[in-house]
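Read off the chains here:
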Amino acid sequence: MAALKLKTNAKCGGCSAKIGAELEKHGIRAGEWTLDLTTPDKVLTVQSDRSAEEIVRIVSEAGFRAEPIG
């Protein structure tokens, strides 16, 4: 299981909750992802076998942008 890091445009706890709900809807449970709102890139880290493209799509379904870092 790889750790994917993505830059997001999330701004607050409400944004985090929306992204989290969408991730969980797709089977990525709490504890398998974190969103660090204290960093300039608002880094979403996901522990998953899913591709970065799939995580970007899921975040997009929640109404936010994400792009892989590195």
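Residues numbered from 1 in each chain as written. Predicted model: local features only at pLDDT ≥ 70, side-chain atom pairs only at ≥ 80, totals over all residues. Heavy atoms only, no water.

Q: Sorry, what's going on with the environment of I55 here?
A: Its place among the elements puts I55 in helix α2 (residues 52–61). Using a relative accessible area of 0% as the deciding quantity, one classes I55 as buried. Once you skip the residues sitting within four places of it in the chain, I55 turns out to touch L4, L6, I28, L44, V46 and R50. (Helix = DSSP H or I, 4+ residues; strand = E, 2+ residues; numbered from the N terminus. Buried < 20%, exposed > 50% of the residue type's maximum accessible area, 1.4 Å probe, protein only. Contact = heavy atoms within 4.5 Å.)

Q: Help me understand the pattern of salt bridges, please; the structure alone is not making it clear to me.
A: Pairs can form between side chains of opposite charge once their charged atoms are near each other. Per the stated rule, a full pass over the model turns up 5 salt bridges. With a closest N to O distance of 3.9 Å, D41 and K7 form a salt bridge. Taken together, the positions of D41 in the loop between β2 (33–36) and β3 (43–48) and K7 in strand β1 (residues 2–8) put the pair 34 residues apart, joining distant regions of the chain. Its salt-bridge partner being R57, residue E54 comes within 3.7 Å of it at the nearest N-O pair. Of this pair, E54 and R57 both sit in helix α2, 3 residues apart, roughly one helical turn. Through salt bridges with shared partners, one network takes in R50, E54, R57 and E61. (Salt bridge = Lys/Arg side-chain N within 4 Å of Asp/Glu carboxyl O.)

Q: Teacher, can you tell me more about the state of the cysteines here?
A: As used here, a disulfide is simply a covalent bond connecting the sulfur atoms of two cysteines. In the structure shown here, the tally under the stated rule is 0 disulfides. Between C12, a free cysteine, and C15, which holds the nearest cysteine sulfur, the sulfur-to-sulfur gap is 3.5 Å. (Disulfide = S-S within 2.5 Å.)

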